[in-house]
Amino acid sequence: MKDVLRKTAALALVGAMAFGTAACGDKKNSSDGDNHEGNMAAANVSGDVAEEDLPYGATMTQLLPSINEDVPITIELDERFIDQEAGIAVSNYLSALTNADAALMEKAFYPPYLKASYEAGGFSSAQEYLDEVQANLFSVIAEHAQKDVDQITVDYIIVDNCYSEGDAEAGSHFSDMDQILSDSLGSDFLSKVEEGSRRELYVDFTYVLPNDDTSYDYNYGTGYPLRMYLYKIDGQYYVV
């Protein structure tokens with residue numbers, strides 16, 4: 001029972017990786033690794049539409065490690081909906097998760113919630129918790145790649161979609177997340193969240209495996225994007 005509880009608690013950090021809608025497919029050649037379509041809603045817009053009225057994905061921007069040393073992995077997003085600070089938090093999160101880097105995770109994932117999560121799961125430290133989460137993620141990837149996986153290198157992240165507070169498509173997701181956080185951190189936690197800052201993101205990434213020239217796409221291969229929430233807390237964006 002203890003092991004079951006530990007594995008269940010470990011999944012909390014992975015979205016943070018709650019699974020979204022299904023897709024299909026397998027893998028693609030590394031030469032196609034950067035061919036991301038983004039939110040296809042943008043492709044259905046015709047006529048003269050002001051940029052601010054275009055849907056998410058109509059104006060995508062890349063944040064590059066070669067230009068910004070705070071960005072560990074290239075990430076593509078629509079800055080009209082997600083600012084660079086939030087994008088850097090997502091890039092840090094994926095880098096920390098896939099490299100089991102507890103110090104970096106504490107910069108990306110809200111530290112009090114990280115502590116509450118690993119303690120609730122019976123883990124003794126953020127590092128022990130992160131090791132378990134990484135192992136769970138790699139087991140999912142191993143099913144896709146059909147080989148043993150103990151290391152991956154994420155080379156590209158794309159935020160496929162983003163919902164903000166008040167978006168009808170988000171339904172009760174934000175209030176549900178607020179309740180989860182309040183239950184873990186206390187009801188006064190919400191007073192620290194900047195009004196209007198909440199974001200619900202659907203994220204995909206490509207990765208390579210050691211001694212393998214194939215670029216794998218997480219969503220395309222597993223059938224699920226990563227759903228994660230970002231809140232601006234005490235003036236800083238965190239994944240929660």
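Throughout, residues of each chain are indexed from 1 in the direction in which the sequence is written. Thresholds applied to this predicted model are a pLDDT of at least 70 for local features of residues and 80 or more for the giving and counting of side-chain atom pairs; totals over whole chains, interfaces and linings are not thresholded and use all residues. Excluding hydrogens and water, the side-chain values take into account all heavy atoms of the structure.

> Is there a simple way to explain the overall build of the protein chain in this structure?
Elements are defined by DSSP. Helices are runs of H or I of four residues or more, strands are runs of E of two residues or more, and each kind is numbered from the N terminus. Each helix and strand in the protein chain was counted, giving seven helices and nine strands. Three labels apply to residues, based on accessible area from a 1.4 Å probe with only protein chains included: buried if under 20% of the type maximum, exposed if over 50%, partly exposed otherwise in between. When the 240 residues of the protein chain are sorted by exposure, 49% land in the buried category. The contact rule is simple, with two residues in contact once any of their heavy atoms fall within 4.5 Å. Taking all contacts inside the protein chain whose residues are at least 6 apart in sequence as the whole, residues at least 24 apart take part in 69%. Reported accessibility uses the Shrake-Rupley method at a 1.4 Å probe radius. Residues are deemed covered only where the shown protein chains occlude them. When the accessible surface of the protein chain is totalled, it reaches about 11600 Å², and 45% of it is carbon and sulfur.

> What am I meant to see in the confidence of the model for the protein chain here?
Interpreting fine coordinate detail is not advised for predicted regions of low pLDDT. On average, residues of the protein chain carry a pLDDT of 82, and 78% of them reach 70 or more. The pLDDT value expresses, per residue, how confident the predictor is, ranging between 0 and 100. The element-level mean pLDDT for the protein chain is lowest in strand S1 (residues 18-19), coming to 36, with strand S4 (residues 75-77) highest at 98. Note on residues 4-11: pLDDT is under 50 here. Beyond four places in sequence and across chains, it has 17 contacts. Here residues 17-46 is a poorly scored stretch, pLDDT under 50, and it has 60 contacts once near neighbours within four places are set aside; other chains count.

> What should I look at first to understand the side chain of Asp217 in this one?
Within the secondary structure layout, Asp217 lies in strand S7 (residues 214-217). At a separation of 2.9 Å, a polar atom in the side chain of Asp217 contacts the main-chain amide nitrogen of Tyr220. Polar contact criterion, stated in full: a pair of N or O atoms within 3.5 Å, where within protein one must be able to donate a hydrogen and the other to accept it, and residues adjacent in sequence count only if both atoms are side-chain atoms.

> Explain the pairing of S7 here, please?
In the case of a regular strand, side chains alternate between the two sheet surfaces. Residue alternation in S7 divides its side chains into two sets, Thr214 and Tyr216 and Ser215 and Asp217, and both sets are buried. In sequence, strand S6 (residues 199-208) turns back onto S7 through a hairpin of five residues, with Asn211 there showing a positive phi of about 60°. Two strands pair under a simple rule: DSSP has to find at least two bridges between them.

> Explain the packing of aromatic side chains here, please?
To describe a pair of aromatic rings, one takes the distance between the centres and the angle between the planes. When two rings of Phe, Tyr or Trp (its six-membered ring) have centres within 6.5 Å they constitute a pair, described as stacked for plane angles under 30 degrees, edge-to-face for angles over 60, and tilted for the intermediate range. One pass over the full model with this rule turns up eleven aromatic pairs. Ring geometry for Tyr56 and Phe81: centres 5.3 Å apart, planes at 70°, overall edge-to-face. Taken as a pair, Tyr56 in the loop between strand S2 (28-29) and strand S3 (61-63) and Phe81 in the loop between S4 and helix H2 (84-99) lie far apart in primary sequence, 25 residues in all. Phe81 sits in the partly exposed class, given a relative accessible area of 23%. Between Phe123 and Tyr129 the ring centres are 5.2 Å apart and the planes differ by 40°, which places this aromatic pair in the tilted class. The pair formed by Phe123 and Tyr129 is uniform in burial state, with each residue classed as buried. One aromatic cluster in this structure is built from Phe205, Tyr207, Tyr216 and Tyr218.

> Teacher, can you tell me more about the side chain of Ser182 here?
Within the fold, Ser182 resides in helix H6 (residues 173-185). Apart from residues no more than four positions distant in its own chain, Ser182 is found in contact with Ser187 and Leu190.

> Would you mind going over the environment of Ser182 with me for this structure?
With relative accessibility at 14%, the residue Ser182 sits in the buried group. Once the C-alpha coordinates of Ser182 and Tyr113 are considered, the two residues, 69 residues apart in sequence, prove to be 10.0 Å apart.

> Would you mind going over the pattern of salt bridges with me for this structure?
Proximity of charged atoms lets side chains of opposite charge pair with each other. In what follows, salt bridge is the name for a side-chain nitrogen of Lys or Arg lying within 4 Å of a carboxyl oxygen of Asp or Glu. Taken as a whole and assessed by the stated rule, the structure comprises seven salt bridges. The salt bridge involving Lys232 is made with Glu85; its shortest N-O contact spans 3.6 Å. Residue Lys232 is found in strand S8 (residues 226-233), and its partner Glu85 is found in helix H2; the two are separated by 147 residues along the sequence. Relative accessible area serves as the criterion here: at 15%, Lys232 is assigned to the buried category.

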